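Spelled out, the chains give:
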4 protein chains.
Amino acid sequence: MRTGVWLVGARGSVATTSIVGALALRAGLTGPTGCVTELPAVRGAALPAFADLVFGGHDVVTTPLAKRAEALAAAGVLPARLVAALTEELAVVEQELRPAPTGGSQADRAATLLHDLTGFRERHGLSRVVVVNVAATEPVPDPHPAHADPAALRTALGGPDEVLPPSSLYAYAAVTAGCPYVDFTPSTGLRLPALTALADAHRVPYAGHDGKTGETLLKSVLAPMFAMRNLRVRSWSGTNLLGGGDGATLAEPAANAAKVRSKQRVLGETLGYLPQGDTRIDYVEELGDFKTAWDLVTFAGFLGTGMRLEFTWHGCDSALAAPLVLDLARLTAAAHAAGRTGPLTELAFFFKDPLGAGTHALADQWTRLCEFARHLHVGGSDDPRG
Amino acid sequence: MRTGVWLVGARGSVATTSIVGALALRAGLTGPTGCVTELPAVRGAALPAFADLVFGGHDVVTTPLAKRAEALAAAGVLPARLVAALTEELAVVEQELRPAPTGGSQADRAATLLHDLTGFRERHGLSRVVVVNVAATEPVPDPHPAHADPAALRTALGGPDEVLPPSSLYAYAAVTAGCPYVDFTPSTGLRLPALTALADAHRVPYAGHDGKTGETLLKSVLAPMFAMRNLRVRSWSGTNLLGGGDGATLAEPAANAAKVRSKQRVLGETLGYLPQGDTRIDYVEELGDFKTAWDLVTFAGFLGTGMRLEFTWHGCDSALAAPLVLDLARLTAAAHAAGRTGPLTELAFFFKDPLGAGTHALADQWTRLCEFARHLHVGGSDDPRG
Amino acid sequence: MRTGVWLVGARGSVATTSIVGALALRAGLTGPTGCVTELPAVRGAALPAFADLVFGGHDVVTTPLAKRAEALAAAGVLPARLVAALTEELAVVEQELRPAPTGGSQADRAATLLHDLTGFRERHGLSRVVVVNVAATEPVPDPHPAHADPAALRTALGGPDEVLPPSSLYAYAAVTAGCPYVDFTPSTGLRLPALTALADAHRVPYAGHDGKTGETLLKSVLAPMFAMRNLRVRSWSGTNLLGGGDGATLAEPAANAAKVRSKQRVLGETLGYLPQGDTRIDYVEELGDFKTAWDLVTFAGFLGTGMRLEFTWHGCDSALAAPLVLDLARLTAAAHAAGRTGPLTELAFFFKDPLGAGTHALADQWTRLCEFARHLHVGGSDDPRG
Amino acid sequence: MRTGVWLVGARGSVATTSIVGALALRAGLTGPTGCVTELPAVRGAALPAFADLVFGGHDVVTTPLAKRAEALAAAGVLPARLVAALTEELAVVEQELRPAPTGGSQADRAATLLHDLTGFRERHGLSRVVVVNVAATEPVPDPHPAHADPAALRTALGGPDEVLPPSSLYAYAAVTAGCPYVDFTPSTGLRLPALTALADAHRVPYAGHDGKTGETLLKSVLAPMFAMRNLRVRSWSGTNLLGGGDGATLAEPAANAAKVRSKQRVLGETLGYLPQGDTRIDYVEELGDFKTAWDLVTFAGFLGTGMRLEFTWHGCDSALAAPLVLDLARLTAAAHAAGRTGPLTELAFFFKDPLGAGTHALADQWTRLCEFARHLHVGGSDDPRG
Ligand SMILES: NC(=O)c1ccc[n+]([C@@H]2O[C@H](COP(=O)([O-])OP(=O)(O)OC[C@H]3O[C@@H](n4cnc5c(N)ncnc54)[C@H](O)[C@@H]3O)[C@@H](O)[C@H]2O)c1
Ligand SMILES: NC(=O)c1ccc[n+]([C@@H]2O[C@H](COP(=O)([O-])OP(=O)(O)OC[C@H]3O[C@@H](n4cnc5c(N)ncnc54)[C@H](O)[C@@H]3O)[C@@H](O)[C@H]2O)c1
Ligand SMILES: NC(=O)c1ccc[n+]([C@@H]2O[C@H](COP(=O)([O-])OP(=O)(O)OC[C@H]3O[C@@H](n4cnc5c(N)ncnc54)[C@H](O)[C@@H]3O)[C@@H](O)[C@H]2O)c1
Ligand SMILES: NC(=O)c1ccc[n+]([C@@H]2O[C@H](COP(=O)([O-])OP(=O)(O)OC[C@H]3O[C@@H](n4cnc5c(N)ncnc54)[C@H](O)[C@@H]3O)[C@@H](O)[C@H]2O)c1
Ligand code: NA
Ligand code: NA
């Protein structure tokens, strides 16, 4: 079951780390630390092996993958010895990277994307291609009437407007090509009625949004802790300092707003009320791919006594994200193989702002993920929600 | 269903806060923040109401309860207005506090304890009395052959030896009097074969050990988070700075050892390996009942990249512990009413070092607690494990 | 030498804490913790005693001082017992508080202010009155041509324009009345050419700006440490979370900008370059007068090795500021008595953004302060800079 | 002025980093970040240039220097490219490393040390050799009557006793050979009456003890800050987590005690009282040469209001220490050239536990250092204390 993984933003930090990591795993040069799909409770026969993954992707820049990998090694994100050992394998992936189409109508560009995806699938004889968006975070787009309906959308794309933000155009091409779509970013992606309708029509599953790798991961275990102990959270304030490409993008107020919104959901939904305090993202170039998040939580205990928790998370964002990208590609491929369509709400474990209602508490998300995996492995081809 | 709560260490910080809090709840002067048994998933008809709880206890010191409460108010643990408003109610509880017996053989002292317990139960016409140990932490005791067997124990207690540490003597008296026993401390309590056999013979349930209120509570959500994400914890070091009576006791190396041991279990059992690093407890008088715990966790992600998490917990230990003491008294009373005997492993949620095998992950403990409560409320008088 | 202390913003947190504290010191109810002018190196005969200070002031609100003090006691800023013990003394000060004038031209309002100040001085037979601005931080004002010159200013004030921001109108009235002026805020105050010329003409000394009480205080010892060790600071990012009246004001972007600017100066001037990173101020109502500041400093050592320092400051802003307000009033009064005029650059020790060129390193500022005090105490009536 | 730098513990982390760094500076491969003697206020003609330093030393282990350097590069302490570029230069230094003598009487071993030192000086035609102790920290030694007097000492060394701890035997050989001696460790070194008398007799200067690189460096700016602001420090607790060779040594209780004692002095002497709280050093192998220190300071402000400061220092100990070793060698050489003898108290800036009475405040130490350097550069050959 050879499976394609098509990365939108294929030359970015997360994509590059995912590719180097998968190649290193295939070559037996590293272990699966950070890979959820290698834990006993999740792994199993339904998932494509690391060795079965074939990579390709789009990007707007042309920096060679190997050069990007070297830069990440210099920054301490990747071991330099892996990049050196994988020169040939990286050159092979380089052949499968395509420029993001420009010019023409959005319909023209969608056609190019579709052509790239189907060409990749055929060239490698792949059972399926999972498209994973790991491109830079976009601003929240303006509403457009054609977002409501597939037919209206098709017409509008042929016109002069920029009807869809890039992430949604990729999603459009993906589902049209029959490819499952995973959005690891807070961008719009498939979250438009016209596109989810289209995905249903093409019977593909999809998952998202926004990989949960740092501060929000901690919130998803700490907020339930306060809730289970009936402690009243009075304020929760967060500061995220990060450099890297993602940091630079998020320094833009519009992208920042999209991201901050997706970071805050977990609190209101887990606690049942929204404590005071905000989450900030600040760009500090010198921090590179290592992010420092600091959170202060003030809370009241018995008889109103005030207390505090403060944490500092110093994480390498790409190293946290990359194994989850591989996990999502494997799980989504297996779901597609099993005939699943629509939103994969069982993958909420991986996301800051998961599709579909449901819990934001990590432990509950974990339980659902394990059941989902078990179901896949016993060969359940029916929708387990049915 | 009037229920006695007999506190061993009744004039300590935790006991005093528990008593003031329960009286304040009964008088409608405060809300149930921090009380797990008031959460929708746990509360219900099987639990005695706060207004049904009647307090008594033993202590080795004679400081009046009201004076202890005032000292706690001055230290910011309790609102002074509550203590002022509850003068009369505290005086009533004061009548039910008894000195810890001294002199004579341990059998003599056990007889006094038994007499105090049964007198309390009869005087107030109580359905049952739950004995909760919140006395100062004891050193780990020397082994003694009479610990193995109830008959040998009975004989030995009549002799000149100090066969049992105080916590175990209280536990002995409790079960002999047919009272459920809860140990909120890391002391030995019922954890001797002779005593558990005796508890079974008297058909009482029991629970313990060591209330989980700070650093270990955090460990019980953070360690599972690392495990679920397949991140490798390399070191986990903790420093606990605390004053108060408990801090002074724990400054003694032997008591410290007992406590530290109970704090470390969660890591090994949740992660499946023991990371490097130690947990320290240091006495800093000036911090009073507010404890500051600082933990540093270093871990490896994908491809071995090193990362760090650090947290500072600034909690009021007595304010965190007291509502749990009430929760445990209510739940254990309900279990006793429902005919449960033996270790209440479903109460692991509350303890650093829970009796019975089972998970140390808070979310799993929560699930078990909710099922336990549900079972009690639907009137299950059978042992749900059966 | 009875000395008036006229507080602009007299019903605010800092002012109320200053007044309660001075009254408590006079009554022997508290010690001088936090008072720099009581340290051996600074104290001496030239300074008016606490008992010689007489308080008055302006405010735009009318909350009784005693009520404000009670609110601060409830928030843990002041001991409640002090407020209770000082009821009468506070009532006396209450008599000396005046509403901030409204309506009419700015010239009319300045006349009222002048009248209030001179009336206060005469009524109490004061040697002098030091005006200290502790009112809410203002936005940075628009430039106005009349700011350049005293004569133009006088004319413009009679017209319909709001020529001066409130802090500057107070400063104008103060110097016109022959009163030394201290600005504890980042507002404009005397920092306009027309006003400094006027101050010189009236031969009064003045000092400012913006009391240094938390994050910046730390920066003023930590930045020199990095400089003295030739360590290269790469980034310095700060987050300030605070509630209280000051927090609410600073949540306004314009006031925030004024404050942030005054917080950043110390780095560039001490290090000789500006590291990456920003300082943030966020309003979190629930934190009240307690501010939590968190700073992350990344730096390079020998051979470029990257390292980090992170600190959390949890301070009560009013308790930190109030003794400095008293210190500044005492020192400025003594300087005036000694015939000093113009900017008191020797008081840089107290300010985030000190008037006059000079060092931002706390230790150097301390040396200058001690020399200044010594000079005052030996009776130096000449300008020591002369 | 070619100057020898003889490192005791020459194959340790600090020594290796010092050597690699000096060679890299000489080769123009790195800049002088972290070198205090390159700051404008300290640098000057009296100091030997980096290019004039010639390295040698003793160690008890035989790991090749280049291998040690590679290990440090792998651990992120040194850039790997430097080690690669300096292969030849390191081989030259390797030739000058000697095994620590074993066997025989201490007099025999001292003779070998003396022979090694004088041989080194002559072989390279050095103006002088500064001996710097950077060997593993020793336990505090037992007192011995021969410590009191040079003659008694000489006799005793010939006998069978281990009269001197190793650091003191090196110091004995150094001064006997006419070499200035610097102790970068908390070990005894020259601090015995017999040895200081001998140093005076041989007219050599000496300096120590225990390089100030992390937590104590911070204390030496923060404690003065609290003192200058008249804030009352109630408790100061510290935890130091470190791996590396030094960490392993300090895990031994006796060495730990020596180190902790030298870390605490700054507080009592700067504040004028000793706050509550202890300093801990814990070994966590996985942290390697990177040390994490966490300190909690609780303090009272005006009217007794309680506040807190907490900091986390994440520093690379060897990268912090190495440039100071070079600074000390240069300054001590210049002092020797200028005819200085006895304790160089002006070098207190560099030490946790500086020789000679005097301030522990960094800013005051800095002022003294700058004066000292100025005096050296203007050619002052007299003792500036005279
Ligand atoms: N790293 C994490 O922990 C994490 C967690 C959650 C979400 N994310 C999201 O993952 C995404 C990638 O993060 P990153 O750190 O790799 O960022 P990055 O800036 O290093 O990479 C983004 C890549 O996207 C490319 N790109 C931008 N617009 C594109 C377009 N229209 N079409 C194709 N490619 C385009 C860029 O050229 C770049 O190569 C971001 O949206 C980020 O918010 C990352
Ligand atoms: N507060 C928490 O968060 C927390 C959490 C877990 C466990 N605990 C445990 O709860 C216990 C109580 O803590 P605390 O803060 O109230 O301590 P405390 O020192 O304030 O109170 C302990 C009381 O026990 C009494 N006592 C001692 N020996 C006794 C004996 N033999 N018989 C009867 N009474 C005796 C003491 O006189 C004192 O009044 C400790 O063992 C502590 O380790 C507390
Ligand atoms: N507390 C600190 O540590 C600290 C440090 C540096 C500077 N400051 C500055 O001190 C000032 C006071 O801080 P606070 O915490 O007391 O604030 P606060 O909001 O409690 O008090 C400010 C007072 O000023 C009054 N005010 C507003 N406009 C006025 C006007 N035009 N005329 C007269 N009164 C007016 C308000 O009514 C209020 O009573 C702020 O500007 C703050 O930035 C405080
Ligand atoms: N790194 C810092 O920031 C710092 C700060 C202050 C003091 N120090 C002190 O510097 C010393 C060196 O630290 P390190 O990190 O390099 O330790 P390390 O363990 O890496 O090196 C110590 C070296 O000393 C050698 N040694 C031990 N006994 C010896 C003896 N009798 N004769 C000769 N050599 C001997 C060891 O073999 C080892 O090579 C320690 O005493 C440490 O406490 C270091
Ligand atoms: Na912290
Ligand atoms: Na921290």
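Residues numbered from 1 in each chain as written. Chains lettered and ligands numbered in written order. Predicted model: local features only at pLDDT ≥ 70, side-chain atom pairs only at ≥ 80, totals over all residues. Heavy atoms only, no water.

Student: Can you help me understand the relation of the copies chain B and chain A in this one?
Tutor: Superposition of the two copies of the chain requires a rotation about an axis and a shift along the axis. The two copies are related by a screw operation: chain B maps onto chain A through 180° of rotation and 0.0 Å of translation along the axis, at an RMSD of 0.0 Å. Interpreted geometrically, this transformation is the action of a two-fold axis. Using C-alpha coordinates, one finds that chain B approaches the rotation axis most closely at F311 of chain B, a distance of 2.0 Å. A share of 100% of the interface residues of chain B reappears at the interface of chain A, consistent with the copies meeting face to face through the same patch. (Least-squares fit on C-alpha atoms with pLDDT ≥ 70 in both. Contact = heavy atoms within 4.5 Å.)

Student: What should I look at first to understand the sheet that holds strand β4 (residues 128–133) of chain A in this one?
Tutor: Paired through backbone hydrogen bonds, the strands of a sheet run either parallel or antiparallel to each other. Residues and elements named next belong to chain A. Pairing in this open sheet of seven strands is parallel, and the strands run β3-β2-β1-β4-β5-β6-β11 from one edge to the other. Each end of this open sheet is capped by a strand with a single partner; those strands are β3 (97–99) and β11 (342–343). For strand β5 (residues 181–183) and strand β6 (residues 205–208), the ladder comprises three bridges, and the chain directions are parallel. Among the inter-strand pairings, V182 is bridged to a residue of β6, identified as A207. Packing against the sheet, helix α12 (residues 317–337) makes contact with β1 (3–8), β2 (53–59), β4, β5 and β6, and its axis sits at approximately 140° to β4. (Pairing = 2+ DSSP bridges. Helix = DSSP H or I, 4+ residues; strand = E, 2+ residues; numbered from the N terminus. Axes fitted to C-alpha atoms, helices over the stretch in contact; angles between N-to-C directions.)

Student: What's the story with the pairing of strand β1 (residues 3–8) of chain B in this structure? I'm lost.
Tutor: Moving residue by residue along a regular strand, the side chains alternate between the two faces of the sheet. All names here are of chain B. Most of β1 is tucked away, with six of its six residues classed as buried. What you see with β1 is no split at all: T3, V5 and L7 on one side and G4, W6 and V8 on the other are buried throughout. Examined bridge by bridge, β1 and strand β2 (residues 53–59) share six bridges and lie parallel to one another. In the sheet register, G4 faces β2, and the bridge partner there is V54. (Buried < 20%, exposed > 50% of the residue type's maximum accessible area, 1.4 Å probe, protein only.)

Student: What should I look at first to understand the pairing of β1 of chain A in this one?
Tutor: Residues and elements named next belong to chain A. Summarising the sheet, β1 and β4 pair through six bridges and their orientation is parallel. For W6, the partnering residue across the bridge sits in β4 and is V131. For the crossover that starts at β1, traverses helix α1 (residues 13–26) and ends in the parallel β2, the hand is right-handed. (Right-handed = clockwise from strand over helix to strand, strands pointing away.)

Student: I would appreciate a short explanation of the interface of chain B and chain A in the present structure.
Tutor: The figure often quoted for interface size is the accessible area lost as the parts come together. Facing the 59 residues of chain B at the interface are 59 residues of chain A. Taken as a group, R229, F302 and L303 of chain B account for 21% of the area that chain B buries against chain A, more than any other trio of residues on that side. Our count for the chain B to chain A interface comes out at zero salt bridges. One can count 16 residue pairs in polar contact (both at pLDDT 80 or more) joining chain B with chain A. (Buried area = accessible area lost by both parts, 1.4 Å probe. Salt bridge = Lys/Arg side-chain N within 4 Å of Asp/Glu carboxyl O. Polar contact = N/O pair within 3.5 Å; in protein donor to acceptor, adjacent residues only side chain to side chain.)

Student: Got a minute to help me understand the packing of helix α2 (residues 65–74) of chain C against helix α4 (residues 87–94) of chain C in this structure?
Tutor: Relative orientation and spacing of two packed helices are given, respectively, by the angle between their axes and the distance between those axes. All names here are of chain C. At a minimum axis distance of 9 Å, the contact between α2 and α4 shows a crossing angle of 130°. With respect to each other, α2 and α4 are oriented oblique. In this structure, α2 contributes L65, A66 and A69 to the contact, and α4 contributes L90, V93 and E94. Split into classes, the residues belonging to the contact of α2 with α4 amount to five nonpolar, no polar and one charged. (Parallel < 35°, antiparallel > 145°, perpendicular 65-115°, else oblique. Nonpolar A, V, L, I, M, F, W, Y, C, P; charged D, E, K, R; others polar.)

Student: Can you help me understand the coordination of the sodium ion (ligand 6) in this one?
Tutor: For a metal with four donors in a tetrahedral arrangement, the ideal angle between donors is 109.5 degrees, while six donors in an octahedron ideally sit at 90 or 180 degrees. Only E310 of chain B (OE) and E310 of chain C (OE) from the protein coordinate the sodium ion (ligand 6), and they sit 2.6 Å from it. Separating the sodium ion (ligand 6) from the sodium ion (ligand 5) is a gap of 2.2 Å. Here the residue E310 of chain B occupies a position in strand β10 (residues 306–316), and E310 of chain C occupies one in strand β10 (residues 306–316), the pair thus bridging two chains. (Donors = N, O, S within 2.8 Å, 3.2 Å for Na, K, Ca; no water.)

Student: What is the right way to read the sheet that holds strand β3 (residues 97–99) of chain D from this model?
Tutor: Pairing in this open sheet of seven strands is parallel, and the strands run β3-β2-β1-β4-β5-β6-β11 (chain D) from one edge to the other. The open sheet has two free edges, formed respectively by β3 and β11 (342–343) of chain D, since each of these has just one partner strand.

Student: What exactly am I supposed to notice about the site of ligand 3 here?
Tutor: Residue and element names in this part refer to chain C. D59, A135, Y170, T213 and K259 are the nearest of the 27 residues found near ligand 3. Here T137 contributes a side-chain N or O atom positioned 2.9 Å from an oxygen atom of ligand 3. The separation between an oxygen atom of ligand 3 and a polar side-chain atom of T213 is 2.8 Å. A total of 840 Å² of accessible area belongs to ligand 3 in isolation, and the protein chains cover 90% of it. (Near = heavy atom within 4 Å. Areas by Shrake-Rupley, 256 points an atom, 1.4 Å probe, with all protein chains shown as cover.)

Student: Can you help me understand the domain arrangement of chain A in this one?
Tutor: Residue and element names in this part refer to chain A. Entries for chain A in the domain assignment read domain 1 (3–210 + 319–377) and domain 2 (215–316). Summed over both partners, the interface of domain 1 with domain 2 buries about 1,700 Å², with 62% contributed by carbon and sulfur atoms. The three residues of domain 1 that bury the most area against domain 2 are T137, K352 and H360, which together make up 33% of that side's buried surface. There are zero salt bridges connecting domain 1 and domain 2. Linking domain 1 with domain 2 are five residue pairs in polar contact (both at pLDDT 80 or more). Residue composition of the side of domain 1 that touches domain 2, grouped by class: eleven nonpolar, five polar and four charged. (Domains from an automatic or database assignment.)

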